[in-house]
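Given next are the chains, with one letter for each unit.
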Amino acid sequence: MRIGVIGTQWGLMHAGAFRAAGAEVVALCGQDEAHTREVAAREGIPLATVHVRELCAAVDAVVVASPDALHRAHVEAALEAGCAVLCEKPLTLTHEDAKALVARARRAERPFAVNFPYRMLPPLRALRAWLMEHRVHHLVITVRNSFVPTEPLEPGACVGRSADFGGVSHLLDAALWLTGASPTWVQASLAGRPVHTAALQVGLSSGAVVVLTHAASPEPGLHGGWSLLGEDWEAGFSGGFIPAREGWCVSPVRCFEAGAWRDLAPGLEPRPGEREPWAQAHVETARRFLGMLGRPPEVDAELATVEEAAVVQRLLSAAMASEDEGRRVLLD
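About the thresholds
Residues numbered from 1 in each chain as written. Predicted model: local features only at pLDDT ≥ 70, side-chain atom pairs only at ≥ 80, totals over all residues. Heavy atoms only, no water. Core = buried A, V, L, I, M, F, W, Y, C linked by side-chain atoms within 4.5 Å. Buried < 20%, exposed > 50% of the residue type's maximum accessible area, 1.4 Å probe, protein only. Helix = DSSP H or I, 4+ residues; strand = E, 2+ residues; numbered from the N terminus. Phe/Tyr/Trp six-rings, centres within 6.5 Å; stacked < 30°, edge-to-face > 60°. Pairing = 2+ DSSP bridges. Contact = heavy atoms within 4.5 Å. Axes fitted to C-alpha atoms, helices over the stretch in contact; angles between N-to-C directions.

Student: I'd like a rundown of the nonpolar core, residues and numbers included.
Tutor: Formed by 77 residues in total, the largest nonpolar core has its most connected members in Phe-18, Leu-200 and Phe-289. Judged by nonpolar contacts, the second largest core, of 31 residues, contains Val-64, Val-75, Val-114 and Ala-304.

Structure representation (structure tokens):
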């Protein structure tokens, strides 16, 4: 299976993942010709180009890992060329663009998935299986993030180079995926232009409420804590990217039930001689995506569909409306 990757930065994570999953990465597309040729030569990728259509003509499937503002145009070009598509998160910069991609993907009838690697982390997959028999009342997520830019880019603009406030789309998708519910309302307080610190409450169709705080932090890395609470139980874990440990670390998932704590799933951490956990999550995504090809255009049940990614985009858009209007915003 011939894979083309659009994006010379995060796209290299996908190039390695698809190779590990058994695919042939034959084309790389970037914005700067000299840099793209240099990266392709270093990575052993035969075709280096700055023209998306040239890449699409040479491959069976396209990974869109370009800057967020270009996702819509690059996905549309790939679908028009008859290619299957795996798109990086967030799907687009705006909800309007996300809706347009949903409609375009349905007309194309080609496999189309969106990359949300939280879904591929074994501790979270074990937690999701356990939650199928436990009704969540509250899901509380607190994340500190040193990667989100805090410098102002333009006065008053909520959205900068990315539309997910530095990674909130990952958290929202994971919350919806873990609970199996749909969002019904959102109330938000957003700080920074572009937004770097966000406090969101999201109501779910199940009656549960997600309470999410994402804050810019000077401590290097990404540090998160997750607590899920039901009527007579609690479960949780911590995790994130720890530079000092050179990769992603997730604590064991633990639950409190029937008066005692117990482990639900072991944790993850980088180990010598093994693939780093976040990179391994991308390999699993690549394997599942490759498994969709050659079949009817149905997304693997564990991969995010374009419709699910558009729901996340709708939530982000509603959060900005909530901040502007100072009220709870109801969702369709």
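Student: Which residues make up unusual backbone geometry, and what are the values?
Tutor: What is expected of a backbone is that most residues other than glycine have negative phi and most peptide bonds are trans. The residue after Lys-89, namely Pro-90, is reached through a cis peptide bond having omega -20 degrees. With respect to the helices, strands and loops of the structure, Pro-90 is situated in the loop between β5 (84-88) and α5 (95-108). A positive phi is found at Phe-165, a non-glycine position, where the angle reads about 55 degrees. Relative to the helices and strands, Phe-165 is located in the loop between β7 (138-145) and α7 (168-179). Overall, Phe-165 belongs to the buried group, its relative accessible area being 2%. Its identity as a non-glycine residue notwithstanding, Glu-246 has a phi of 60 degrees, on the positive side.

Student: Got a sec to walk through the packing of aromatic side chains? Specific residues and values, please.
Tutor: The full count for this structure, using the stated rule, is nine aromatic pairs. Look at Tyr-118 and Trp-226: their rings are 6.0 Å apart centre to centre, the planes differ by 45 degrees, and that puts the pair in the tilted class. Remark: Trp-226 occurs in strand β11 (residues 222-229) and Tyr-118 occurs in the loop between β6 (112-115) and α6 (122-131); sequence separation between them is 108 residues. Like Trp-226, Tyr-118 is buried.

Student: Pulling in residues and values, what's your account of the sheet that holds strand β16 (residues 304-305)?
Tutor: Strand order in the open sheet formed by seven strands is β3-β2-β1-β4-β5-β6-β16, with mixed pairing between adjacent strands. The outermost strands of the open sheet, each flanked by one partner alone, are β3 (47-49) and β16. Of the pairings in the sheet, the one linking β5 to β6 comprises four bridges and is parallel in character. Its bridge partner being in β6, Leu-86 is matched across the sheet by Ala-113. Packed on one face of the sheet, helix α4 (residues 71-80) meets β1 (2-6), β4 (61-64), β5 and β6 and runs near 170 degrees to β5.

Student: Explain the side chain of Ser-322 to me, and be specific about the residues and the numbers.
Tutor: Inspection of the secondary structure puts Ser-322 in helix α9 (residues 306-325). Every residue in contact with Ser-322, bar those within four places of it in the chain, is listed here: Val-186, Gln-187, Ala-188, Arg-327 and Val-329.

Student: Describe the pairing of β4, with residues and values.
Tutor: Alternating positions in β4 separate into two faces, Ala-61 and Val-63 on one and Val-62 and Val-64 on the other, with burial throughout. As paired elements, β1 and β4 share four bridges and run parallel to each other. Looking across to β4, one finds that Ile-3 is bridged to Ala-61. Sheet topology note: the β4/β5 ladder contains four bridges and is parallel.

Student: Could you give me a rundown of the pairing of β7, with the residues and numbers involved?
Tutor: Of the two faces of β7, the one holding Leu-139, Ile-141, Val-143 and Asn-145 is buried and the one holding His-138, Val-140, Thr-142 and Arg-144 is not buried anywhere. Across eight bridges, β7 lies against β11 in antiparallel orientation. Among the inter-strand pairings, Thr-142 is bridged to a residue of β11, identified as Gly-225.

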